[in-house]
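# Residue-level structure breakdown
Below are the chains, spelled out letter by letter.
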Amino acid sequence: MTDLVLQAKAIVKSFGANKILQGISLDVERGELVSIIGPSGCGKSTFLRCLNFLEHPDSGSVCIENIMLSCSGGHWSRKHEAQAHQLRSHVGMVFQAFNLFPHRTVLDNVMMAPMHVKGVSSVEVRDIACNLLEKVGLGALKERYPDSLSGGQKQRAAIARALAMKPSVMLYDEPTSALDPEVSEEVLSVMRDLDTEGMTQIVVTHDMRFARAASDRVLYIEGGQIVESGEPELMFANPTHERTRRFLRTIL
Ligand SMILES: Nc1ncnc2c1ncn2[C@@H]1O[C@H](COP(=O)(O)OP(=O)(O)OP(=O)(O)O)[C@@H](O)[C@H]1O
Ligand SMILES: [Mg+2]
């Protein structure tokens, strides 16, 4: 029996007259690592942001851990916002630009959300945060401020911060695009470890090596639609669609 963590159905999103997402659907099973690839401007970030309603889709629905939220006619009410808030509590998001709070230590950055949003006691949260920082290799840098960290360290802190909320699914938007190759590896290795532990992860990436080697499934998006999806080895070695072939030829 499949255990779906996330189901997105027919997500449509326009900005003004531009229809960016043409009706994208995606089911993700627990423990899957799904990579989303595609040319710049094809709607990858927009789709990812629609999954936790940082963007409001014009239509379509998202269901995460049985919390279902559908949009129609671009209408967005307070009830929608309350449901979105509930849904987001199951989602961890990591951005290219880290988005850490600069005036807080690494440890505080990781502790803030569980304390303020979930109301967990500071003693308990401190324990959880210290363990997570150990796990991402930042145990010794807890009391440092983000500005004194390398890009790879910042991104690992951002991952620990997202994990502190105990999400069911992690969404990453180009987590390594701002990083040098060696430093990217530190971050990707944390993501591989999370995969081994059974975390569900969706990653928008331009890193084709990672998409090919680490994913269970790759989605190729172009023009706001999923052109092709499948097992990475198959897709990279022998894409079925001409558009996928063209993209991979240019990027590889
Ligand atoms: N808030 C916005 N207002 C207007 N247009 C937007 C907005 N956000 C995104 N777009 C447009 O939507 C399209 C898709 O953008 P999106 O950021 O999703 O692409 P992407 O696939 O993530 O690209 P990249 O690989 O460069 O990050 C682009 O044409 C972009 O200019
Ligand atoms: Mg993007």
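Residues numbered from 1 in each chain as written. Chains lettered and ligands numbered in written order. Predicted model: local features only at pLDDT ≥ 70, side-chain atom pairs only at ≥ 80, totals over all residues. Heavy atoms only, no water.

Inclusion rule: UniProt positions are given in the numbering used here, feature names are shortened, and annotations may be inferred rather than shown by experiment.
The name that an unreviewed UniProt entry assigns to the protein is Amino acid ABC transporter ATP-binding protein, with the source organism given as Swingsia samuiensis. Annotation of the protein in UniProt includes, under Subcellular location (unreviewed entry), the sentence "Cell membrane". Word for word, the UniProt comment on the protein under Sequence similarities (unreviewed entry) is "Belongs to the ABC transporter superfamily."

### Thoughts on the sheet that holds strand β9 (residues 217-222)
Note the cut-off: Strand pairing follows a simple DSSP-based rule, namely that at least 2 bridges must link the two strands. Secondary structure elements follow DSSP: runs of H or I no shorter than four residues count as helices, runs of E no shorter than two count as strands, and numbering proceeds from the N terminus. Note on definitions: angles span 0 to 180 degrees between N-to-C directions of axes, and those axes are lines fitted to C-alpha atoms, for helices only across the stretch in contact. Throughout, a contact is declared for two residues whenever any of their heavy atoms are within 4.5 Å.
With mixed pairing, the six strands of this open sheet are ordered in space as β6-β7-β8-β3-β9-β10. Each edge of the open sheet carries a strand with a single partner, namely β6 (91-94) and β10 (225-230). Across the sheet, the mean angle separating the axes of adjacent strands is 20° when strand polarity is ignored. The pairing of strand β7 (residues 169-173) with strand β8 (residues 200-204) spans five bridges and is parallel. The residue of β8 that forms the bridge with Met170 is Gln201. Sitting on the sheet, helix α6 (residues 181-196) is in contact with β3 (33-37), β7 and β8, with an inclination near 150° to β8. Set on the sheet, helix α9 (residues 242-251) makes contact with β3, β9 and β10; between it and β9 the angle comes to about 95°.

### Regarding helix α5 (residues 151-163)
To keep it simple, the criterion reads: Expected span of a helix: the number of residues minus one, times 1.5 Å. In this scheme, a residue with accessible area under 20% of its type's maximum is buried, one over 50% is exposed, and one in between is partly exposed, where area comes from a 1.4 Å probe on protein chains only.
The first and last C-alpha atoms of α5 sit 18 Å apart over 13 residues, in line with the 18 Å expected at 1.5 Å per residue. For α5, the tally of buried residues reaches twelve of 13 residues, placing the bulk of the element in the interior. When α5 is considered as a whole, its buried residues turn out to be Gly152, Gln153, Lys154, Gln155, Arg156, Ala157, Ala158, Ile159, Ala160, Arg161, Ala162 and Leu163.

### Notes on the site of ligand 1
This is how it is decided: We call a residue near a given molecule or strand whenever any one of its heavy atoms falls within 4 Å of it. Nitrogen and oxygen atoms within 3.5 Å of one another constitute a polar contact, given that in protein one can donate a hydrogen and the other can accept it, and given that sequence-neighbouring residues count only through two side-chain atoms. With residues, only the protein chains shown are counted as cover, and all accessible areas are computed by Shrake-Rupley using a 1.4 Å probe.
The immediate surroundings of ligand 1 are formed by Phe15, Ile20, Pro39, Ser40, Gly41, Cys42, Gly43, Lys44, Ser45, Thr46, Glu174 and His206. Contact distances for ligand 1 include 3.2 Å between an oxygen atom and a side-chain N or O atom of His206. Protein coverage of the free-state accessible area of ligand 1, which is 630 Å², stands at 57%. With three residues, helix α1 (residues 44-51) is the largest single contributor of residues to the shell around ligand 1.

### A closer look at the UniProt feature "domain: ABC transporter" (unreviewed entry) in the protein
When the UniProt feature table is mapped onto this chain, "domain: ABC transporter" (unreviewed entry) is found at residues 6-248. Helix makes up 38% of residues 6-248 and strand 26%, with an end-to-end C-alpha separation of 27 Å.

### As for the environment of Glu81
Of note, Glu81 is situated in helix α2 (residues 78-88). A sequence separation of 100 residues divides Glu81 from Pro181, and the C-alpha atoms of the two residues are 39 Å apart. The residues touching Glu81, leaving out its near neighbours within four places in the chain, are His56, Trp76 and Arg88.

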